[in-house]
Amino acid sequence: MRRIRPRFCFDRIPGSKQEGLDCSRLSRVVRASVGDFTEFMSDLDVQLPTAFDPFAEANADDSGVGAKEYVHVRVQQRNGRKCLTTVQGLKKEFSYNKILKDLKKEFCCNGTVVQDPELGQVIQLQGDQRKNVSSFLVQAGIVKKEHIKIHGF
């Protein structure tokens, strides 16, 4: 069986002015050109692009109902047929206790205001009150309809 050895250096470079270069001379030329290239690249002021953070807007500290801030109305299943409706993301200047009092009278249900370390103040109501709460917030002028997100099954 005959072995074929790959040829890494050539005696001649066809079509160049320096056709008679040997392998040692060729390797020195290549090393010199690579060195010039690295010096050239180090001289350039290259800025690599930074990583894109898709949650940068969500982590911003300017909370409040703005153009991109929403009021989230969620339902959580408790046990059996029992549900819990939570309202989160209202402006901080609103009185949560007064809003809760009106919601409880309007929908004949019980509720409370819970202080969460991550989410801030959250209104909790008994039962599935998602549609009722969203319509109440719009009619009372607390939030625009475009800024309400309803979550749940």
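Keep in mind it's a predicted model, so treat the numbers as computed, not measured. Here, residues in each chain are numbered from 1, in the same order as that chain's written sequence. Since the coordinates come from a predicted model, pLDDT governs what is reported: local features require at least 70, and pairs of side-chain atoms require 80 or more to be given and counted, while whole-chain, interface and lining totals use all residues. Computation of side-chain values covers all heavy atoms of the structure but excludes hydrogens and water.

Peer 1: Would you mind going over the state of the cysteines with me for this structure?
Peer 2: Put plainly, two cysteines are in a disulfide when a covalent bond ties their sulfur atoms together. Cysteine sulfurs are considered disulfide-paired once they come within 2.5 Å of each other. Using the criterion set out here, one finds 0 disulfides in the structure. Of all cysteine sulfurs in the structure, the one in Cys 109 sits closest to Cys 108, which takes part in no disulfide; the separation is 7.8 Å.

Peer 1: Explain the pairing of strand S3 (residues 111-116) to me, please; I cannot follow it from the model alone.
Peer 2: Residues in a regular strand point their side chains to alternate faces of the sheet. Of the pairings in the sheet, the one linking S3 to strand S4 (residues 120-126) comprises 6 bridges and is antiparallel in character. By the bridge assignment, Val 114 is partnered in S4 with Val 122. Counted along the chain from S3 to the antiparallel partner S4, the turn is 3 residues long. Strands are labelled as partners when DSSP assigns at least two bridges between them. Secondary structure elements follow DSSP: runs of H or I no shorter than four residues count as helices, runs of E no shorter than two count as strands, and numbering proceeds from the N terminus.

Peer 1: What's the story with unusual backbone geometry in this structure? I'm lost.
Peer 2: Among all residues save glycine, negative phi is the norm, and among peptide bonds the norm is trans. Here Cys 108, not a glycine, exhibits a phi torsion of approximately 50 degrees, which is positive. The residue Cys 108 is located in the loop between helix H2 (96-107) and S3 in this model. Taking the relative accessible area as the measure of exposure, Cys 108 reaches 73% and is therefore exposed. Using a 1.4 Å probe on the protein chains alone, a residue whose accessible area is under 20% of its type maximum counts as buried, one over 50% counts as exposed, and one in between counts as partly exposed.

Peer 1: What am I meant to see in the sheet that holds strand S2 (residues 83-88) here?
Peer 2: Strand pairing in a sheet is mediated by backbone hydrogen bonds. Such pairs are either parallel or antiparallel. The mixed open sheet is built from 5 strands, whose spatial order is S3-S4-S2-S1-S5. The open sheet has two edge strands with one neighbour each: S3 and strand S5 (148-150). Between one strand and the next, the sheet's axes are offset by a mean angle of 25 degrees, whatever the strand orientation. Where strand S1 (residues 71-77) lies against S2, 6 bridges are found, and the strand directions are antiparallel. Note that in S2 the partner of Gln 77 across the bridge is Cys 83. Against the sheet, H2 contacts S3 and S4, and its axis sits at roughly 10 degrees relative to S4. The axes are straight lines fitted to the C-alpha atoms, using for helices just the contacting stretch, and the angles between their N-to-C directions are given from 0 to 180°. Contact definition: two residues touch when any of their heavy atoms are within 4.5 Å.

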